[in-house]
Amino acid sequence: MSQFNDYTSLDEKASAPQPHKKKLTPWYQRTAIALTGLLALSGVYHHVQKQNAEVSAFEAITVPETTAIRPESYLHDDSPLKFILKDPGFRSKAAGILSGSLQIETESYDDNPDPADDMTPWKKFFAFHGYLERQFPLVHKNLKVETVNHVNLLYTWEGSDPSLKPLMLTAHQDVVPVDKESAGEWTYPPYSGHYDGTTIWGRGAQDCKNLLIAELQAVEKLLETGFTPKRTVILAFGNDEESGGQGASYLNHTLTERYGEDSIYAVVDEGLPMVNVGGEWFALPGVSEKGHLDIYIALTMNGGHSSTPPDHTAIGVMGELITSLEANPFTPYLPNDSPVMQMLETFAATIPEWPESLKKDVANAKKDPAAKKRVLEWMATSKELKFLVQTSQAIDIIHGGVKANALPEYVTLLVNHRIILESTVDETVDRLFTIMNPIAKKYGLHVFYDEQEMTQQDLFVAEGYFNVSLEGAINALPIAPSSGPVWDLLTGTLKHVFEDEVFENQTLHFAPNILVGNTDTKRYTGLTKNLYRFQATRVIDANTGLHSIDEHIGIDQHLETMAFLYEYIQNVDATTD
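All of these numbers come straight from a predicted model, not from anything done at the bench. (Residues numbered from 1 in each chain as written. Predicted model: local features only at pLDDT ≥ 70, side-chain atom pairs only at ≥ 80, totals over all residues. Heavy atoms only, no water.)

1. Some words on the overall build of the protein
Of the regular secondary structure elements, the protein holds 19 helices and 18 strands. Classification of the 577 residues of the protein by burial places 55% in the buried group. Within the protein, residue pairs in contact and separated by at least 24 positions form 81% of the contacts whose partners lie at least 6 positions apart. Counting every atom, the protein has about 25,400 Å² of accessible surface; 51% of that belongs to carbon and sulfur. (Helix = DSSP H or I, 4+ residues; strand = E, 2+ residues; numbered from the N terminus. Buried < 20%, exposed > 50% of the residue type's maximum accessible area, 1.4 Å probe, protein only. Contact = heavy atoms within 4.5 Å. Areas by Shrake-Rupley, 256 points an atom, 1.4 Å probe, with all protein chains shown as cover.)

2. With respect to the sheet that holds strand 13 (residues 452–453)
The strands making up a sheet associate through backbone hydrogen bonding, with each pair oriented either parallel or antiparallel. Judged by pairing direction, the sheet is mixed, and its six strands sit side by side in the order 10-11-9-14-12-13 without closing on themselves. A single partner strand is all that each edge strand has here, and the edge strands are strand 10 (392–400) and strand 13. Bridge analysis of strand 12 (residues 445–449) against strand 14 (residues 464–474) gives five bridges, and the strand direction is parallel. Directly across from Leu445, in strand 14, lies its bridge partner Gly464. (Pairing = 2+ DSSP bridges.)

3. Concerning the nonpolar core
Ranked by size, the top nonpolar core spans 72 residues in total, and within it Leu132, Tyr155, Leu216, Leu494, Phe498, Leu508 and Tyr568 carry the most contacts. Take this core: its biggest share by element is 10 residues, from helix 19 (residues 555–574). The residues contacting Leu132, other than those within four sequence positions of it, are His140, Leu153, Tyr155, Leu212, Ile213 and Leu216. Membership of the second largest hydrophobic core comes to 31 residues, among which are Val277, Val362, Met379 and Ile514. (Core = buried A, V, L, I, M, F, W, Y, C linked by side-chain atoms within 4.5 Å.)

4. Examining the UniProt feature "active site" (unreviewed entry) in the protein
The UniProt record annotates "active site" (unreviewed entry) at Asp174 and Glu241. Spatial clustering of the annotated residues is evident: they stretch over 68 residues in sequence, but the largest pairwise C-alpha distance comes to 6.8 Å. Relative to the elements of secondary structure, Asp174 occurs in the loop between strand 3 (167–172) and strand 4 (199–201). You can call Asp174 buried: its relative accessible area is 0%. Leaving out residues up to four positions away in the same chain, Asp174 has contacts with Thr106, Ser108, Phe125, Asp207, Gly238, Asn239, Asp240, Glu241, Glu242 and Ser243. Positionally, Glu241 belongs in the loop between strand 5 (233–238) and helix 11 (246–259). Looking at Glu241, the relative accessible area reads 10%, which means it is buried. Setting aside residues up to four positions removed in sequence, Glu241 forms contacts with His172, Asp174, Glu270, Asn518, Thr519 and Asp520. (UniProt positions renumbered as here; feature names shortened; annotations may be inferred.)

5. Some details on the packing of aromatic side chains
Each aromatic ring pair is described using two quantities: the centre-to-centre distance and the angle formed by the ring planes. Overall, the coordinates contain 14 aromatic pairs when judged by the stated rule. Aromatic pair Phe282 and Phe347: ring centres 4.7 Å apart, planes at 85 degrees, arrangement edge-to-face. Highlighted residues: Phe282 in strand 7 (residues 280–283) and Phe347 in helix 13 (residues 339–350), separated in sequence by 65 residues. Residue class for Phe347 comes out buried when judged on its relative accessible area of 0%. These aromatic residues form a ring-pair network of at least three members: Phe282, Phe347, Trp354 and Trp378. Just above the ring of Phe128 sits the side chain of Lys209; from NZ or CZ to the centre is 4.7 Å. The ring of Tyr265 has Arg231 lying over it, and the distance from NZ or CZ to the ring centre is 4.6 Å. (Phe/Tyr/Trp six-rings, centres within 6.5 Å; stacked < 30°, edge-to-face > 60°. Lys NZ or Arg CZ within 6 Å of the ring centre and 35° of its normal.)

6. Quick word on empty space enclosed by the protein
Considering all chains together, one arrives at two cavities of 30 Å³ or more under this definition. Here the largest cavity defines a volume of roughly 60 Å³. Around the largest cavity sit Tyr333, Pro335, Ser338, Pro339, Val340, Leu388, Val389, Ile420, Leu421, Glu422 and Ile514, which together line it. Looking at the lining of the largest cavity residue by residue, the classes come out as nine nonpolar, one polar and one charged. Leu211, Val268, Phe534, Gln535, Ala536, Thr561, Phe564 and Leu565 are the residues that line the second largest cavity. Breaking the lining of the second largest cavity down by element, the ones donating at least two residues are strand 17 (531–538) and helix 19. Among the residues forming the lining of the second largest cavity, the class breakdown is six nonpolar, two polar and no charged. (1 Å grid on protein atoms, 1.4 Å probe; cavity = no way out; pocket = protein on both sides within 12 Å on 5 of 7 lines; lining within 4 Å. Points joined across faces, edges and corners; volume = space filled by probe spheres on them. Nonpolar A, V, L, I, M, F, W, Y, C, P; charged D, E, K, R; others polar.)

7. Topic: the side chain of His552
Along the chain, His552 falls in strand 18 (residues 552–554). Assessed through its relative accessible area of 9%, His552 is described here as buried. Among the polar contacts made by the side chain of His552, one reaches the main-chain carbonyl oxygen of Asp550 at a distance of 2.6 Å. Once residues lying within four places of it in the same chain are set aside, the contact partners of His552 are Thr199, Ile200, Trp201, Ala205, Gln206, Asp541, Asn543 and Thr544. (Polar contact = N/O pair within 3.5 Å; in protein donor to acceptor, adjacent residues only side chain to side chain.)

8. Re unusual backbone geometry
As a rule of thumb, non-glycine residues mostly have phi less than zero, and peptide bonds are mostly trans rather than cis. The linkage connecting Asp207 with the following residue, Cys208, adopts the cis geometry, with an omega of -20 degrees. Structurally, Cys208 can be placed in the loop between strand 4 and helix 10 (209–224). Despite not being glycine, Asp262 has its phi angle at roughly 50 degrees, a positive value. Along the chain, Asp262 falls in the loop between helix 11 and strand 6 (266–277). Non-glycine residue Asn505 carries a positive phi angle of around 55 degrees. Its location among the elements puts Asn505 in the loop between helix 18 (485–502) and strand 15 (508–510). Assessed through its relative accessible area of 86%, Asn505 is described here as exposed.

9. Remarks on the confidence of the model for the protein
On average, residues of the protein score 89 in pLDDT, and 88% of them reach the 70 mark or higher. Note on residues 51–55: pLDDT under 50 across the span, and 11 contacts to partners over four residues away in sequence or across chains. Overall, residues 457–461 carries pLDDT values under 50, and its contacts beyond four positions in sequence, including any with other chains, amount to six contacts. (pLDDT = per-residue confidence, 0-100.)

10. Description of the side chain of Glu345
Secondary-structure assignment places Glu345 in helix 13. Relative accessible area serves as the criterion here: at 13%, Glu345 is assigned to the buried category. Within the structure, Glu345 has its side chain in polar contact with the side chain of Lys366 (distance 3.2 Å). For Glu345, the residues in contact, after removing those within four places along its chain, are Ile61, Val63, Val362 and Lys366.

11. Structural notes on the layout of surface pockets
Roughly 270 Å³ of volume is contained in the second largest pocket. In terms of lining residues, the second largest pocket is bounded by 18 residues, among which Tyr265, Pro485, Val486, Lys529 and Asn530 are the most central. Among the elements that take part in the lining of the second largest pocket, helix 18 stands out by supplying four residues, more than any other. Split into classes, the residues belonging to the lining of the second largest pocket amount to eight nonpolar, six polar and four charged.

Printed below as a string of structure tokens:
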């Protein structure tokens, strides 16, 4: 049959039934899933290794031991912590409060204006603020509550000792929008906050009203017990983390003016949950985030009638650039002192089921280049592991052409990058020009970088030009300590809560990790070097619907987060800087 006999008009296509959309998974959930699947992934290691030289002798890996740190109050009376985790009445109340918060829609969009310029899309957040005030009366009575730039929330629980650096707990109020086309596919309406007795369903249940509510409820519970802090506690809730995090910038400005640079004991924000690998539980606090860069490439060439086209139109030339970019991926890099190396060493030392060959190569990777090469080849078999050690590039947006019989004169391309800790924005841009310049010369095109000429005009007669510009340029964030008193207190509190009260005869292991995406912590780097991204909750259900259909969280996991925060605030209060 001729292809022309199978023609379907655009109107007919628009009205035709559309294929069922696959549920998509965001980067942080994919990372958690990949980590929980490390045992299965290790099965491919035999295939990777047999193509290489024999593994050298195994060198034992020593993983630092973590000591549980328990608040003095727990040693005298453990019933408050057990109450949070086990009391049926409190469980029901906590589920109801989280459920109610999910029923208030607080979506943010990339094109939302700054609240200082236009409050229209942000007015709905006031209903959420009112809800928090009603649910947490002691917090709003005893803490200083401020709105920053109209919408961001800043709570200050003033401590009695101003010489101690404040502890800062963060979360964000906004949620990603629900796709109207898939809203009907949810098991329960996305803003119903449905609670079925074990699970709370709704947009924001995982990201991250659960964390925001847990932080407030932990403080409310401490106030009920009569706890008064020596160290100031700050709760900072931005309004637009899902669309850029400018709200956190305003919060950072306010806090920097008030306390100064390097003035905060630690910042704990959202991040990866706890994962189970080979039957072992791991807490992997994020100690850094990859950098970010969007490169916009605009190509202008001569137009004309499509009946007399050149050999390569602007779309064709841009297509050649895309092909060259994707054919030349960034080189993976695994430094000996990187958080990722420390994480791999922890896995190798603690997961019995990992292949011995993989354990040996991880153990020898710091000294044996061949062993490190095999580890990198193994990591490359998983996108989530691969991009812990490699700058990513994604061809995300392309536009070009306006009519079937008119040659395209203007084509634009957006390439998104997440830059590894060991590289920079400048290196990423330089690599683009290394690939672009030969193509530009081949087709007689000039190259401009933010309107500045990058090529010699007398080299050729211009047939057009590339113009390159940047958006969202952020180098990788500084690496927070993964040893020392601040790290030890964070991990020691986690060990206490989960080994004492949640697990049954299981050990919680610890290692630093990095985030391949960005959180509001990128705005707080001047406040402290101790920036940690982590949620004290276990991955029980691998598909939580985060950023997708059927977002949900188990009430047990929500209470675990709350219990950790309740103990962590007390432990931090008992220490000195």
